[in-house]
Structure formats: C-alpha cells, structure tokens
Amino acid sequence: MMQSIAANGYPIVFSENGYEYLNDIIEKNKYSTIFILSDTNTNEYCLPRFLPLLATNKTIEIIEIESGETEKNITTCVEIWSILTELGGDRKSLLINVGGGVITDIGGFVASTFKRGIDFIHIPTTLLAMVDASVGGKNGVDLGSLKNQIGVINVPKLVLIDTDYLSTLPQNEMRSGLAEMLKHGLIADADYWTKFKVLNGIDFADFDSLIYRSIEIKNEIVMQDPTENGIRMALNFGHTLGHAIESYFLENENKKTLLHGEAIAVGMILESYISWQKKLLSAAEYIEIKNTINAVFETIVFEENDLKPILELLIHDKKNEYGKIQFVLLDGIGNIKIDQEVENELIIKSFADYKS
Ligand code: NAD
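Presented here is a report on the structure given in the accompanying data block. Predicted model, so just to flag it, every value in this text is computed and none were measured. (Residues numbered from 1 in each chain as written. Predicted model: local features only at pLDDT ≥ 70, side-chain atom pairs only at ≥ 80, totals over all residues. Heavy atoms only, no water.)

## Considering the overall build of the protein chain
Reasoning step 1: Within the protein chain one finds 14 helices and eleven strands.
Reasoning step 2: Relative to the globule expectation of 21 Å for 356 residues, the C-alpha radius of gyration of the protein chain, 20 Å, shows essentially globular dimensions.
Reasoning step 3: In terms of overall dimensions, the protein chain has a C-alpha envelope of 60 × 40 × 35 Å along the principal axes.
Reasoning step 4: Out of the 356 residues belonging to the protein chain, those deemed buried represent 56%.
Reasoning step 5: Contacts spanning at least 24 positions in sequence make up 77% of the contacts within the protein chain whose residues lie at least 6 apart.
Reasoning step 6: When the accessible surface of the protein chain is totalled, it reaches about 15,300 Å², and 49% of it is carbon and sulfur.
Reasoning step 7: Within the protein chain, the 51 negative side-chain charges are centred at a point lying 5 Å from the centre of the 31 positive side-chain charges. (Helix = DSSP H or I, 4+ residues; strand = E, 2+ residues; numbered from the N terminus. Rg over C-alpha atoms; globule rule 2.2 N^0.38 Å. Buried < 20%, exposed > 50% of the residue type's maximum accessible area, 1.4 Å probe, protein only. Contact = heavy atoms within 4.5 Å. Areas by Shrake-Rupley, 256 points an atom, 1.4 Å probe, with all protein chains shown as cover. Lys, Arg positive; Asp, Glu negative; His and termini not counted. Charge placed at Lys NZ, Arg CZ, Asp CG, Glu CD.)

This is the structure:
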C-alpha cells in the first residue's frame, strides 16, 4: 500500500485507504452539499468508478462541462459559479474535481473564489494531473491564448490518487503526463531519470511506483517554496519555451493543437540545448536527453515564420520579471539553475538544432 504524502496543509492519499480518508473528511466536515465537477469524458469513464466509492448520504450534484483546454476560461467559470448558485451552493459546500488538469485547475479556481472560498478536493484522472496539476495548489484559467493568466494559489483539502482511472486514458494523454515525469527526473533526481532512458524497458507493473516518486519530487519542491519565489521555478524547466509553443499552436488555426506534455517535451529539448550551449550540460547529456524524449514524442514541425510570434509570446510568460526572459536551465542532470537570462539568438539556435 502506498503511504500518504504530506503536502502543505493537506495530504496526498492513494487508492483504497484514500477513499476511506475521503469519506472521513466528508463525514467530519459536515458539508451541506457535495458538488462534483467533471467533463464529458470523466463523466463517462471515471464517475462510474468514483460514485460508488463515495459513501455519504449528503446531496450530491454533478456538474459536467465540455472537455478540453479551450474550456479553461472565465466563461466556463461563470457557468459553474452560476450552477453552484442555482443549486443552492453555500459556504459549507464541497467541490470534488474529478478529471484531468483542466478540471482540477478550473475547479480549484472556482472553489477558491465562490463565496470567497469553499473546500475542494482533487481526484486527478489523467497521468498529467496525478503527477503535476493536482499537486501544489496552483489553479486558474487561461485568458485568450495566454495560459494560466488568471488564478490563485490555494490548496485542496485532499488529493486522492487512484491509478485505476488511467486504464481508459488515451495513449497520447499518457505521453503528455510522461513528459512531466521525465522533467522531474531531469531537474531533481538523476537516478529516477535513468529509469526512463530505455522507455521500452519500463516495467508498467511498476508504473505506480514511478508515479509515486514523481509526486514526491513535485511535492518536495513545492513544499520548499509554495509561492514560487525561488526553487519552485525548477518546475518551469521546459515550460518557458514549451508554454509559448503551446499558446502559439493553440491560437494558430493552421497548427494542430498540441497537448501540454507534447509542447513541454519540445521545450525540454530546446532548453537542454541552451543548457549545453551555456556549458551547464555536457554534449553527451544533451544528446541523451534529446534521444530519450524523441523516442517517445513526435517531432513537431516549426516553419521559418513561427519563431517570431513564439518569441513574442515568451514576453508574456508569467515567469518574466521586469520584462526579461528568465529560464530555468539544467546544471547537469538532476540539478537546475534558476533565473538564467538567455539571448534571443541562442533561442533561435535551439530551434534550428531541434529541426536537425
Ligand atoms: P485535460 O484535463 O484536458 O485531460 C485530457 C483529456 O483526457 C481530456 O479530454 C479529458 O476529458 C480526458 N480524460 C481525463 N481523464 C480521463 C480518463 N481517466 N479516461 C479517459 N479520458 C480522460 O488535460 P490534462 O493533460 O490532464 O491537464 C492539462 C492542464 O493541466 C493544462 O490546462 C495545464 O495548464 C494544467 N496544469 C496545471 C498545473 C498546475 O500546477 N496547476 C500543472 C500542470 C498542468
């Protein structure tokens, strides 16, 4: 049985004893109504497992939204706030978010702001949400194509990890989560990274323990710096360029929409290249990273005129203070350096190398 992990102010619990814990919290807190936020997919695939495990005689109301990143906006929040209001939601209501990172991000934000904040619980159902989005208290929505522009940091009562939900998750969504697991190894644990080097050799029977370690790494980093003033920025490795690429592909009709992890995978290769050029990584380490990631993720095609708008989007990146583009770079595998300024030229070179 997986031990619970203590996060800041809440526990991350696993499967069977996790549901006991959940039911305990519901019992103890005397909630007035339990709202469950789901999307069309988690409603179909996850609620049939989840609902019978919820042992309560409280009123349960299910709120279902369309699935997808494009729903992660303030309009959807207004809809959810309105439904909560119509259904008599009050300050003693509980919101349980059953879904991927879109659901946990919107749900956390809606709960944090409804009536100045009601309790919420995350039940992540994608790999990405398990190892990343549900851990750390960040939540929020996009503003147009600007990712996570609006939001707050506020922690849930509980995060419950049940990897059984992954059985219905499409392969590309599994890969998306895998990108963040690779990142966890790269920024914090070289031994853990090694386990992914031969991805064909990964023992999927042991995948639960890999997920567990990933959550530990993310949580350890967040615990040291919950409000992201320093070390938490390590988690942005691959995300400075990754987010810009993701936003650009999202707003550009001629581009296929990239999954978060697909964009981050490219971002990690580009930022590893930059780390190498800045003499923080050896050539061998860079090649190892590039090959490992390319073995799992499809190469993304960038046209000549994609670069300028991507660079412009970088300026909006929330990590930038005083208008400078700050990167997190690898300082050997398993270590990072934050607040690294990178010249545009080197960014352009990284794209050129990615293509080659
Ligand atoms: P998602 O929530 O859109 O889920 C991906 C797809 O899988 C959706 O279509 C969803 O309906 C479907 N799905 C979910 N669970 C399923 C299941 N068990 N079986 C079948 N289908 C299922 O996306 P995601 O990749 O989980 O999360 C991405 C989001 O997370 C982004 O918005 C990103 O910004 C956010 N995020 C937040 C943080 C944070 O710290 N708050 C960290 C990383 C990412």
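## Focus: the packing of aromatic side chains
Reasoning step 1: Going through the model one piece at a time under the given rule, you end up with eleven aromatic pairs.
Reasoning step 2: Measuring from ring centre to ring centre gives 6.4 Å for Y19 and F50, while their planes differ by 45 degrees; the resulting arrangement is tilted. A residue pair is termed long-range when its members are at least 10 positions apart, and Y19 in helix α1 (residues 15-29) and F50 in helix α3 (residues 47-53) qualify at 31 residues. We note that Y19, like F50, is buried.
Reasoning step 3: The side chain of R49 reaches across the aromatic face of Y165, ending 5.9 Å from its centre. (Phe/Tyr/Trp six-rings, centres within 6.5 Å; stacked < 30°, edge-to-face > 60°. Lys NZ or Arg CZ within 6 Å of the ring centre and 35° of its normal.)

## Considering the pattern of salt bridges
Reasoning step 1: Tallied over the entire structure, the rule returns 21 salt bridges.
Reasoning step 2: In this structure, D189 and R213 form a salt bridge, with 3.0 Å as the shortest nitrogen-oxygen distance. With D189 in the loop between α7 (171-188) and α8 (190-194) and R213 in helix α9 (residues 207-224), this pair connects stretches of sequence that are 24 residues apart.
Reasoning step 3: According to the relative accessible area criterion, R213 is partly exposed, its value standing at 23%.
Reasoning step 4: By sharing partners, the salt bridges in this structure join E69, K72, D105, D142, K147 and E246 into a single network. (Salt bridge = Lys/Arg side-chain N within 4 Å of Asp/Glu carboxyl O.)

## Quick word on the side chain of T42
Reasoning step 1: Structurally, T42 can be placed in helix α2 (residues 40-45).
Reasoning step 2: Judged by its relative accessible area of 6%, T42 falls in the buried class.

## A look at helix α14 (residues 344-355)
Reasoning step 1: Relative to the 16 Å expected for twelve residues at 1.5 Å per residue, α14 spans 17 Å between its end C-alpha atoms, a close match to the ideal helical length.
Reasoning step 2: What α14 keeps buried is the set L346, I347, S350, F351, D353 and Y354. All buried residues of α14 fall inside an arc of 165 degrees around its axis, so they share one side.
Reasoning step 3: Turning to α14, the residues buried within the fold contact α10 (239-251), α11 (260-277), α12 (283-296), α13 (307-315) and β10 (326-330). (Expected span 1.5 Å × (residues − 1). Arc of directions from axis to C-beta.)

## Observations concerning the nonpolar core
Reasoning step 1: I12, F50, I96 and M181 are the most contacted members of the largest nonpolar core, which totals 97 residues.
Reasoning step 2: Sort the elements by how many residues they give to this core and α11 lands first, with nine residues.
Reasoning step 3: Not counting the four nearest positions on each side in its chain, I12 is found in contact with S4, I5, A7, V135, V159, I161, I215 and N219.
Reasoning step 4: Ranked by size, the runner-up nonpolar core spans 18 residues in total, among them I65, L84, L95 and F109. (Core = buried A, V, L, I, M, F, W, Y, C linked by side-chain atoms within 4.5 Å.)

## As for the pairing of strand β6 (residues 119-124)
Reasoning step 1: Within β6, five of the six residues are buried, leaving the element largely enclosed by the surrounding structure.
Reasoning step 2: Relative to β6, strand β5 (residues 94-99) runs parallel, the two being bridged by six bridges. Within β6, the position partnered with V98 by the bridge is I123.
Reasoning step 3: Traced from β5 through helix α5 (residues 101-113) to β6, the parallel crossover comes out right-handed. (Pairing = 2+ DSSP bridges. Right-handed = clockwise from strand over helix to strand, strands pointing away.)

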